[in-house]
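Here is how the chains run, residue by residue.
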Amino acid sequence: MNRRQFLEALSLSSLGFMALPSLVRADEEDIASALFPVPTYTGISGTIVIVGGGMAGVTLAKYLRLWGGTGVKVTLIEKAPSYTSNIMSNKVLTGQMTLADLNYVYDTLKNHYGVQVVSGTVTGIDSGDQTVALAGGASYGYDRLVLAPGLEFDLLDGMEDAKEYDTDIPHAWQAGLQTQLLRDQLLELKSGARSGDVVITIPKAPYRCPPGPYERACVVADWQYQNNLSSQVIVLDANADILVERDNFTAAFNGAHGYTVDYRPGCKDLKIVDVMSRTVSYVDVDNKKQNVTAGVLNPIPPQRAPQWLADAKLYNPDAEERSVPVNVLSYESTRVPLVHVIGDASLTTQPKAGHIGNQQAKTCADAILRLLQNQPLDPAPVTNSACYTPITATTATWLSAVYQYDAKTGTMFIPSQHNGGGAISTSEPSTDNYKDMQVWFKTLMADTFT
Ligand SMILES: Cc1cc2nc3c(=O)[nH]c(=O)nc-3n(C[C@H](O)[C@H](O)[C@H](O)COP(=O)(O)OP(=O)(O)OC[C@H]3O[C@@H](n4cnc5c(N)ncnc54)[C@H](O)[C@@H]3O)c2cc1C
């Protein structure tokens, strides 16, 4: 199977992966036996530096070596010793998973695929010299640079310091200590150590994982119900309506979680009035100012590509840009040559999601290997986004969309949006979906990290 056929198989299968029976069973032994050897010589050579060892960056590093062979020198620079998956992290809030369950290391990338993994924080790039600079003074040269650093989080109006997210009002939109803090605060509601409602705020789109906040409202509401708590989940949404899986979430908010979730769309001018008392204000759809005091406040802030990407002129905050415009045939920046951006930090018509980051990485790997050989880019890439959403502790929905390249606009689009095709589909909550969700997650993470 050549790279093109492999990409097609990935994109066209319903979950975006080859149907590898061993991976679908996904226990450790099977995953190990599914590892592919890195070819020693393919005739391709080059030095690629990748910043960010998350969903997009790790997939890219692996597939560059797998398809490009040992002549393609790949260096991955990552600031954390290991990766904590955001995907499934809402289940940490309900105690169904732990952060340790979501931890992934870089051993296979180093030991099997021969990627040089550097521990460090990138602070800037010099696109003239073709180098990246790390805190502490080291620098790395590249033929092509790929940035996959994810997102940074804005301070909400009324906040003084980002540390308030770490100590009092966790957003937990980057899985880690804040996820544990939010879990602990929910447990305090259960023990009676704190009282009041859970308030979740949703920023205006685009943000990371469009269904994620609605999913969080559902699983927290379900957890409250299971634990006989009378508190509510109040959702203050800056968007005019539920953004994705509208039917599924509307049914959940009015049905299974009808007594617990209070969904309020169209909230404007959200402000943190007081961190310590967890009070927020907003202007409602009738233009009335409202104050809400929470027992647990979970403000999900607006997000943007890290500032050092703006400093490198990859995007322009003064023009209201919040992530990096790219050519989706290669994910190369439309402004800075030889620099590619994949995952959440890129600006495309695809959602900011881990599954899409994995898919973008494969398109990018294929494009870089072609560019290193002076070959034309694939003119018709296809990507697939699948998302499973737990609605309760035992049921889940799913959404799947296939994106194709539109040469006229230079964007990825869902065919059904153009001509009534059926490239987007959803499923109502069920226990079967919940089981499939676990297979999907294991398969995605195995494809990325093993
Ligand atoms: C609660 C929640 C649920 C979600 N559920 C789903 C889901 O069901 N399906 C789905 O597809 N997506 C889901 N997502 C979204 C998904 O997690 C993200 O879209 C995905 O992680 C983005 O991948 P990325 O590689 O761009 O960034 P990340 O995965 O965030 O990785 C970025 C990496 O870059 C590193 N880094 C950052 N800056 C630097 C630097 N300066 N130097 C060195 N390293 C750096 C970071 O440490 C990190 O390891 C969910 C997100 C959340 C918050």
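Residues numbered from 1 in each chain as written. Predicted model: local features only at pLDDT ≥ 70, side-chain atom pairs only at ≥ 80, totals over all residues. Heavy atoms only, no water.

1. A few points about the sheet that holds strand β11 (residues 198-202)
Put simply, the rule is: When DSSP finds at least two bridges between two strands, those strands are taken to pair. Where helices and strands are cited, they refer to DSSP runs of H or I of at least four residues and of E of at least two residues respectively, numbered from the N terminus. Note on geometry: axes are C-alpha line fits, over the in-contact stretch for helices, and angles between N-to-C directions span 0 to 180 degrees.
One open sheet accounts for four strands, arranged β13-β12-β11-β17; its pairing is parallel. Either end of the sheet is taken by a strand with one partner, and the two such strands are β13 (261-264) and β17 (296-299). When strand polarity is set aside, the average angle formed by the axes of neighbouring strands in this sheet is 15 degrees. Where strand β12 (residues 233-237) and β13 come together, four bridges link them in parallel fashion. Following the sheet pairing, V235 is matched in β13 by Y263.

2. Notes on the sheet that holds strand β15 (residues 279-283)
Strand order in this open sheet of three strands is β14-β15-β16, and the pairing throughout is antiparallel. Each having just a single partner strand, β14 (268-274) and β16 (289-293) make up the two edges of the open sheet. With strand direction ignored, the average angle separating the axes of adjacent strands in the sheet is 20 degrees. With five bridges connecting them, β15 and β16 associate as antiparallel partners. Looking at β16, one finds that V280 is bridged to V292.

3. With respect to helix α14 (residues 431-449)
Note the threshold: How far a helix is expected to stretch is found by multiplying one less than its residue total by 1.5 Å. Exposure is judged per residue with a 1.4 Å probe applied to protein chains only, and the accessible area is read against the type maximum: over 50% gives exposed, under 20% gives buried, and values in between give partly exposed. Definition of a polar contact: a pair of N or O atoms within 3.5 Å, with one able to donate and the other able to accept a hydrogen when the atoms are protein atoms, and with sequence-neighbouring residues admitted only if both atoms are side-chain atoms.
The end-to-end C-alpha separation of α14 is 27 Å, in line with the 27 Å expected for 19 residues at 1.5 Å each. Turning to α14, its buried residues number three or more, namely N433, Y434, M437, W440, F441, T443, L444, M445, A446, D447, T448 and F449. N-capping of α14 is provided by S430, with a side-chain oxygen placed 3.5 Å from the backbone N of D432.

4. Details of the pairing of β17
Every other side chain in a regular strand lies on the same face of the sheet, so the side chains alternate between the two faces. The two faces of β17 match: V296 and N298 on one face and L297 and P299 on the other face are all buried. Bridge count between β11 and β17: four bridges; the pairing is parallel. Residue pairing in the sheet places I200 in a bridge with N298 of β17.

5. Remarks on the packing of aromatic side chains
Put simply, the rule reads: Paired rings are identified among Phe, Tyr and Trp, the last through its six-membered ring, by centres lying within 6.5 Å, and are further divided according to the angle between planes into stacked (under 30 degrees), edge-to-face (over 60) and tilted (the rest).
Using the criterion set out here, one finds nine aromatic pairs in the structure. Centroid distance Y214 to F249: 5.4 Å. Interplanar angle 40 degrees. Geometry classified as tilted. Of this pair, Y214 sits in helix α9 (residues 212-226) while F249 sits in helix α10 (residues 246-254), and the two are 35 residues apart along the sequence. For Y214, a relative accessible area of 0% puts it in the buried group. On the numbers, 5.5 Å between centres and 40 degrees between planes, the contact of Y388 with W440 is tilted. Of this pair, Y388 sits in strand β23 (residues 382-390) while W440 sits in helix α14, placing them 52 residues apart in sequence. The pair formed by Y388 and W440 is uniform in burial state, with each residue classed as buried. Among the aromatic residues, those joined into a cluster by ring pairs are Y83, Y104, Y106 and F449.

6. Observations regarding the site of the ligand
Going by this rule: Here a residue counts as near a molecule or strand whenever at least one of its heavy atoms sits within 4 Å of it. Note on areas: these come from Shrake-Rupley sampling with a 1.4 Å probe, and a residue is covered only by the protein chains present in the view. Amino acids are sorted into nonpolar (Ala, Val, Leu, Ile, Met, Phe, Trp, Tyr, Cys and Pro), charged (Asp, Glu, Lys and Arg) and polar (every other residue, Gly among them).
Around the ligand, 35 residues are found, and the nearest of them are A56, E78, Y83, D344 and H355. Between the ligand and N86 there is a distance of 3.1 Å, counted from an oxygen atom to a side-chain nitrogen or oxygen. Within the backbone of D344, an N or O atom sits 2.9 Å from an oxygen atom of the ligand. Alone, the ligand offers 1,000 Å² of accessible surface; in the complex the protein occludes 96% of this. Residue assignment for the shell around the ligand shows that the elements contributing at least two residues are α4 (55-68), β2 (72-78), α12 (354-372) and β23. Of the residues that constitute the shell around the ligand, the class distribution is 16 nonpolar, 13 polar and six charged.

7. What about α10?
To be explicit about the condition: Picture the helix axis, draw a direction to every C-beta atom, and the arc is the one those directions span.
Buried residues of α10: N248, F249, A252 and F253, and no others. Across the axial projection of α10, the buried residues extend over an arc of 125 degrees, all falling on one side. Exposed and oriented more than 90 degrees from the buried face of α10 are D247 and N254.

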